[in-house]
Each structure stands twice: as structure tokens, then as C-alpha cells.
Amino acid sequence: MKKLLLFTFALLLSAPIMRANDEVTFEFSQGISGPLKAKMEQQISKFLTAINRAASAGNSEINFSGVQFSNQEIGSQTVTMLWNNVRFHTQDDDFYTPCLRHRRAGKTTGYQVRNIYMDMQPLDNSYEEDLSQEFVIDLDANGRISDINIAKSKLQYEKLLKEGEKLKDFDRREQIIKFCEDFANAYCKMDLKFMEDIFSDDALIITGNVRERTKSSIAMDKNREVNLPNKKDVQYTVHTKEQYLNNLRTVFSKAEGTGYINVKFEDYEIRRHGAKPNYYSVTLKQSWKSKNRAGKKYEDEGVVFLIWDFTNEDKPKIQVRTWQDIESAKIDPMSMNRFKLR
């Protein structure tokens, strides 16, 4: 009897996600009306239904027949990069949620849907995140699906946008939140093209790598009278955009296949430059976990500091990206006045 129970439990763990109904009905509660509303509701319903069917059937690929993407190849590829690491299925089959707008200079450039909660089914024991995740769906101005990402905290999202209403820069803050979500997910999806586009050509990039210190390295530090806390050694490196992308290309290639990269951003703080209103800084906590094909794991937590340049309203760029370990960031945090901005 005991063996039978163990066998049944093993089958449950390995079985695909099962639901009574994979068909999804989606409707906007507010924020849009007219023919475009009906078109987007139809597209989102088809999109989520296709994901559910693939999850329930245990398929390695999703059939997006009938779904319109801004770019058919890139759009479906975005979901596939997530799908390669973990399967997911909507928690509900009936959604009724507001339509949010992406705006630049007061003009609508696209739309966004939040509050799409998914049950996650990891493919192996490397998945360490919550088994329930909120997803975000982005659509272009014509109502075609452009992207899907895992969302940040709802409370934090609403707090940041309320600050934008108070300071009358709601549009830019909403855009920064979206780009930061896309930025974190670009690491997870190993999307080098996004990284190439989002960084300025002359960006300043400082990375950090945490290494466990051996007894010999600790002794050497004592001889040099260097005091490093927590028995860890943090190595900082300054990169050009080209150097940083080349390093990422190597990291991504080593993780492709059976490896993974999991990056999470939390505790956002957005500030606008007092004298140069086209510049915004974002300070956030980054959690990085990765495993390469050979099975070697790496993880760290640190504080990432970004400076966004909105001089070109249609194509904002990251001018500065730095990383500090958490203790250093508490003692000596980054700020915009440390950098010479154009």
C-alpha cells in the first residue's frame, strides 16, 4: 500500500497541469471601448486559451494559430523562452479587468493587462519562485499582443504610479516600471536583442560578482589589513556596453538548454533629476540565481542603480547601470549627482 501511495504521488508531480476548462473568456471592465476593445478581448482570450491547452496537454510548444502579434516571430518567441523553463496555466477561465494605457507625451502608444494569475508547474527542481505568479500582457496601439512578462508587486506598482500623479510625470514613471519589468525578464528569457536596444551606446555599466572567500584569501586580506564583511569577496568591474553585452552573450549561451537565469527586481525607488528633468534614477533590489548547462549554480543579492535618459521620448535609454552589494549600498548609496549627465 505504501509503495502504491508513493507511486501515485510521483505521477501527480510529473503530470501536466489539468483543468476542467482550458477555454478562457476575457473582458475589459473599463479603460477602453469600441471595436478595438472587442478585438483585444478576442486576442487575449485566444492567447490565454492556447497557453492553457498546451499546459494541460503537457506540450513542449504552444499553438498560437489565430493570435495576432506585433511581430509574429518575436511575440511567440517571448512566450516560448518562458515556456522552456516552466509551464503555466491560468488560475481562472473568466477574467474581468481594467485596460491600462502606455502613454508617451500624453499619446497612447499601447495597452497593458495585469491581474492575470497563473499556476506555475516547474519542469524540474531548479525553479525556486512562487507557484502562483501575476502575468502582464502588453498590446500595441492596434490591439496586437506584443509581450508577456511576470509582474512586479501590485502594491509597489500602485505606490509608484501614485507618486507619478503627485509629481505630474505619471506617463514616464509608468514607462519606467514597464521597462524595468521587461529588463528583469530579458535576463530570464536571455533576450540579448532587448539588452542591445535598451542601453545607450556610451552607457557606463558597473557589475559585481560575489565570491565565497577561502581561508587563504581571508588570511591574505588580513596581511593587507583589508576588512571585508561576511567572509565574502565582491569584485567590481567597469564595462562599456559592448563588453557587457559580450559577457552576457557568454552567460546566456552557457545557460541555454538545461540551465536557467532567474532575475527578480524589488523595492523600486524612482527619482527625477532636479535640474535635468529628462533624467530619472531607479534604485532597486536585484536577486540573481542561475545555473549553467554543467550544473554550476551562482546566486547573489545586490542593489542595482539605473539612470534613464528620456531626451528621446520615443526611445528612452539606460545611461548608467551599477551594482553594489547590499551592505555597501546601505553605507554609500548611488545617486545621480555622482555622474556627469549630458
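Whatever comes next refers back to the structure up there.
The shown structure was predicted, so the numbers you read here are calculated from the model rather than taken from an experiment.

Enquirer: I tried to follow the pattern of salt bridges on my own but got confused; where do I start?
Expert: As a working rule, side chains carrying opposite charge can pair if their charged atoms are close by. Evaluation of the coordinates by the stated rule reveals 15 salt bridges. Between glutamate 23 and arginine 53 there is a salt bridge whose closest N-O contact spans 2.0 Å. On the criterion of sequence distance, the pair formed by glutamate 23 in the loop between helix 1 (2-14) and strand 1 (25-28) and arginine 53 in helix 2 (residues 35-57) is long-range, its members being 30 residues apart. The exposure class of glutamate 23 is partly exposed, given its relative accessible area of 38%.

Enquirer: What am I meant to see in a negative patch on the surface here?
Expert: Taken together, the side chains of Glu27, Asp92, Asp93 and Asp94 present a region of like negative charge at the surface. Looking at the secondary structure, you find glutamate 27 in strand 1.

Enquirer: What exactly am I supposed to notice about the packing of aromatic side chains here?
Expert: Two aromatic rings are characterised by how far apart their centres lie and by the angle between their planes. Summed over all chains, the structure comprises 15 aromatic pairs. Where phenylalanine 47 meets phenylalanine 64, the ring centres are 5.3 Å apart and the plane angle is 15°; that geometry is what we call stacked. You can see phenylalanine 47 sitting in helix 2 and its partner phenylalanine 64 sitting in the loop between helix 2 and helix 3 (72-83), a full 17 residues away along the chain. Ring geometry for phenylalanine 47 versus phenylalanine 69: centroids 6.0 Å apart, planes at 75°, classification edge-to-face. Of this pair, phenylalanine 47 sits in helix 2 while phenylalanine 69 is found in the loop between helix 2 and helix 3, placing the two residues 22 residues apart along the sequence. Members of the aromatic cluster, joined through ring pairs, are Phe183, Tyr187, Phe199, Tyr244, Phe265 and Trp288.

Enquirer: Just checking my understanding: could you explain the environment of leucine 248 for this structure?
Expert: Mapped onto the secondary structure, leucine 248 falls in helix 8 (residues 241-255). Sequence spacing of leucine 248 and leucine 192 is 56 residues, and the spatial spacing of their C-alpha atoms is 7.6 Å. Non-local contacts of leucine 248, meaning those with residues more than four positions away in its chain, are made with Tyr187, Leu192 and Met195.

Enquirer: Where do I start with unusual backbone geometry in this structure?
Expert: Leaving glycine aside, a negative phi is the common case for residues, and trans is the common case for peptide bonds. Even without being glycine, methionine 190 reaches a positive phi, approximately 55°. With respect to the helices, strands and loops of the structure, methionine 190 is situated in the loop between helix 5 (170-188) and helix 6 (192-198). Despite not being glycine, aspartate 267 has its phi angle at roughly 55°, a positive value. Of note, aspartate 267 is situated in strand 10 (residues 260-272).

Enquirer: Explanation requested: the environment of glutamine 324 in the structure shown.
Expert: Relative to the assigned elements, glutamine 324 resides in strand 13 (residues 317-325). The spacing of glutamine 324 and phenylalanine 305 is 19 residues in sequence and 8.4 Å in space, taken between C-alpha atoms. In contact with glutamine 324, not counting residues within four places along its chain, are Tyr236, Gly302, Val303, Ala329, Asp332, Pro333 and Met334. Only 3.0 Å separates the side chain of glutamine 324 from the backbone oxygen of aspartate 332, close enough to count as a polar contact.

Enquirer: Help me understand the nonpolar core, please; the structure alone is not making it clear to me.
Expert: In summary, soluble globular proteins display a tendency toward joint burial of nonpolar side chains. Within the largest apolar cluster, 37 residues are counted, with the highest numbers of intra-cluster contacts made by Phe183, Tyr187, Met195, Phe199, Val282 and Trp308. Those elements giving two or more residues to this core turn out to be helix 5, helix 6, strand 8 (199-212), helix 8, strand 10, strand 11 (279-291), strand 12 (297-309) and strand 13. Examining the composition of this core, we find that nine residues originate from one element, helix 5, more than from any other. If sequence neighbours within four positions are ignored, tyrosine 187 has contacts with Met195, Tyr244, Leu248, Phe252, Ile261, Val263, Phe265, Trp288 and Arg321. Counting residues in hydrophobic clusters, the runner-up holds 33 residues, among them Ile32, Ala54, Phe95 and Phe135.

Conventions we followed
- Sequence order as written defines the numbering, with residues in each chain counted from 1.
- Totals for whole chains, interfaces and linings use all residues, but because this is a predicted model, local features are given only for residues with pLDDT of at least 70 and pairs of side-chain atoms are given and counted only at 80 or more.
- By convention in this description, side-chain values take in all heavy atoms of the structure and omit both hydrogens and water.
- Throughout this description, the term salt bridge denotes a Lys or Arg side-chain nitrogen within 4 Å of a carboxyl oxygen of Asp or Glu.
- A run of DSSP states H or I qualifies as a helix once it reaches four residues; a run of E qualifies as a strand once it reaches two. Both are numbered from the N-terminal end.
- Only protein chains enter the accessibility calculation, which uses a 1.4 Å probe; a residue is then buried when its area is under 20% of its type maximum, exposed when over 50%, and partly exposed in between.
- Here the term patch refers to residues with relative accessible area over 30% and no salt bridge, with like charges joined within 9 Å and nonpolar side chains (Val, Leu, Ile, Met, Phe, Trp, Tyr) within 5 Å.
- For accessible areas, the Shrake-Rupley method is used with a probe of radius 1.4 Å. Any residue's cover is judged against the shown protein chains and nothing else.
- Only four residue types enter the tally: Lys and Arg on the positive side, Asp and Glu on the negative side, with His and both chain ends excluded.
- Charge positions come from single atoms, namely NZ of Lys, CZ of Arg, CG of Asp or CD of Glu.
- Stacked, edge-to-face and tilted labels apply to pairs of Phe, Tyr and Trp rings (six-membered ring for Trp) whose centres lie within 6.5 Å, assigned for plane angles under 30 degrees, over 60, and everything in between, in that order.
- Whether two residues touch is decided by their heavy atoms; if any such pair falls within 4.5 Å, the residues are in contact.
- In protein, a polar contact means a hydrogen-donor-capable atom and an acceptor-capable atom, both N or O and within 3.5 Å, with residues adjacent in sequence counting only if both atoms are side-chain atoms; elsewhere, any N or O pair within 3.5 Å suffices.
- Only buried residues count toward a nonpolar core, which is a set of Ala, Val, Leu, Ile, Met, Phe, Trp, Tyr and Cys residues joined through side-chain atoms within 4.5 Å.

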